[in-house]
Amino acid sequence: MNPGIDLQGSFIQSLRDLGIPAGTAKAIWMPLPMFLMIIGATLGVLVVVWLERKISAAAQQRIGPEYAGPLGVLQPVADGLKLVFKEDVVPAKSDPLLFTLGPILVVIPVFVSYLIVPFGQNLVITDLGTGIFFWIALSSVQPIGLLMSGYASNNKYSLLGGLRAAAQSISYEIPLALSVLAIVMMSNSLSTIDIVEQQSGYGILGWNIWRQPVGFLIFWIAALAECERLPFDLPEAEEELVAGYQTEYAGMKFGLFYIGSYINLVLSALLFAVLYLGGWEFPIPLDKLANWLGADQTSPWLQLITASLGITMTLLKAYFLVFIAILLRWTLPRVRIDQLLNLGWKFLLPISLVNLLLTAALKLVFPFAFGG
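Residues numbered from 1 in each chain as written. Predicted model: local features only at pLDDT ≥ 70, side-chain atom pairs only at ≥ 80, totals over all residues. Heavy atoms only, no water.

### Quick look at the overall build of the protein
Each helix and strand counted, the protein has 16 helices and zero strands in total. Computed over the C-alpha atoms, the radius of gyration of the protein is 22 Å, within 12% of the 21 Å expected from 2.2 N^0.38 for a compact globule of 372 residues. Taking the principal axes of the C-alpha coordinates as reference, the protein spans close to 70 × 55 × 45 Å. Scored against the burial criterion, the 372 residues of the protein give a buried share of 47%. Considering only residue pairs separated by 6 or more positions, the protein has 78% of its internal contacts joining residues 24 or more positions apart. (Helix = DSSP H or I, 4+ residues; strand = E, 2+ residues; numbered from the N terminus. Rg over C-alpha atoms; globule rule 2.2 N^0.38 Å. Buried < 20%, exposed > 50% of the residue type's maximum accessible area, 1.4 Å probe, protein only. Contact = heavy atoms within 4.5 Å.)

### Let's talk about the nonpolar core
Grouped together as the largest cluster of nonpolar side chains are 55 residues, with contacts concentrated most on Tyr114, Trp135, Val180, Phe219 and Leu275. Breaking this core down by element, the ones donating at least two residues are helix 3 (31-59), helix 5 (96-113), helix 6 (131-139), helix 8 (156-187), helix 11 (213-226), helix 13 (251-276), helix 15 (300-329) and helix 16 (337-365). It is helix 13 that contributes the most residues to this core, 11 residues altogether. For valine 180, the contacting residues outside a window of four places in its chain are Ile132, Trp135, Ile136, Phe219 and Leu275. By size, the runner-up hydrophobic cluster in this structure holds eight residues, among which are Val106, Ala152, Ala165 and Tyr245. (Core = buried A, V, L, I, M, F, W, Y, C linked by side-chain atoms within 4.5 Å.)

### Focus on the packing of aromatic side chains
Under the criterion given, the structure shown has 14 aromatic pairs. With 4.0 Å between their ring centres and 0 degrees between their planes, phenylalanine 99 and tyrosine 249 make a pair best called stacked. Highlighted residues: phenylalanine 99 in helix 5 and tyrosine 249 in the loop between helix 12 (238-241) and helix 13, separated in sequence by 150 residues. On the accessibility criterion, phenylalanine 99 (0% relative accessible area) is buried. A connected cluster of aromatic rings, assembled from ring pairs, spans Trp135, Phe216, Phe219, Trp220, Phe272 and Tyr276. (Phe/Tyr/Trp six-rings, centres within 6.5 Å; stacked < 30°, edge-to-face > 60°.)

### Considerations on empty space enclosed by the protein
For the structure shown, the criterion picks out two cavities of 30 Å³ or more. The computed volume of the largest cavity comes to approximately 140 Å³. Forming the boundary of the largest cavity are 14 residues, of which Trp135, Ser139, Gln142, Glu226 and Asn264 lie nearest the centre. Looking at the lining of the largest cavity, the elements that each hand over two or more residues are helix 5, helix 6, helix 8, helix 11 and helix 13. Residue composition of the lining of the largest cavity, by class: seven nonpolar, five polar and two charged. Here the second largest cavity defines a volume of roughly 50 Å³. Around the second largest cavity, the lining residues are Gln142, Pro143, Leu146, Ala165, Gln168, Ser169, Ala225, Glu226 and Glu228. Looking at the lining of the second largest cavity, the elements that each hand over two or more residues are helix 7 (142-152), helix 8 and helix 11. (1 Å grid on protein atoms, 1.4 Å probe; cavity = no way out; pocket = protein on both sides within 12 Å on 5 of 7 lines; lining within 4 Å. Points joined across faces, edges and corners; volume = space filled by probe spheres on them. Nonpolar A, V, L, I, M, F, W, Y, C, P; charged D, E, K, R; others polar.)

### Comments concerning the pattern of salt bridges
For the structure on display, the rule yields six salt bridges. Its salt-bridge partner being glutamate 52, residue arginine 329 comes within 2.9 Å of it at the nearest N-O pair. With arginine 329 in helix 15 and glutamate 52 in helix 3, this residue pair connects regions lying 277 residues apart in the sequence. Overall, arginine 329 belongs to the partly exposed group, its relative accessible area being 31%. Of the residues examined, glutamate 52 reaches a relative accessible area of 3% and is grouped as buried. In the salt-bridge network here, residues are joined through shared partners; they are Glu52, Arg229 and Arg329. (Salt bridge = Lys/Arg side-chain N within 4 Å of Asp/Glu carboxyl O.)

As structure tokens, then:
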């Protein structure tokens, strides 16, 4: 398999060629991926906000933003600047510490989860052996921030919104984790790199979506509920709860909730692409194509093409999923809270358990196809 470009190795070797010691070169490299991750996730939010506006406008036969920059591309920047300069209002009888910590606890776990998202065999910030477990553990921290925000606001609507958010997140985290566990079982690894490599070699036919047709539906439904996207936006349903746990927030504190929601949507789409759609893999196996053409897989130009295609394929798959999530917002009606909880506990949870047991059985009977 062509591993593509090793950015870390190339960067460190370039600094060593300039006479910089290896330890210093590694120390210089360490903050760069984190900085790129933060910049990339933030730019992803701006792009998705613009896509949300444009796709929503197209679904409703409107034009959408077009005056803030060409085709309205600067509209998310204008929204961000407005939030930055708005007054930060803190309710008089709220708990100031918890009121401030709530949005922080919502955003930071999502940002940190980007550490495990791979765009190529060597294009990942950190290849954790327990990467998927790390992501699930971090996602369980977010409901604490939502509940903390609702409680600290000293507002009955905010408290109800926070309780709904916590109940919804707990309900859908379990089916999501069980659907991911079936993928881990087939891949024999919790590493996102290993999960993608397990799908390689056969092009589109090797992707997990064909071996886990039920699992990918459970994952996507649970991911939409985790991101509080319609039809699962009960914690912040404007018509019912006056924006829920966000009622008392203004300025950049409200902006953090806004950013966290969209970053989580992009993260879910990227992880869905990694787990079920082959990650950076092209629909046609590139190594076999290179062999047919007689190209040397170690040549720099082929490594550059492979790395570029890997990044492009991961982003295209994620965009497709974000597009579906935005269309669902204008297609499906909002469910009631009892329907939402019934779907999670009485429907998705039993099906995800059966899917996990069925995957284990198929792994024993057909080890060549299910990673035995």
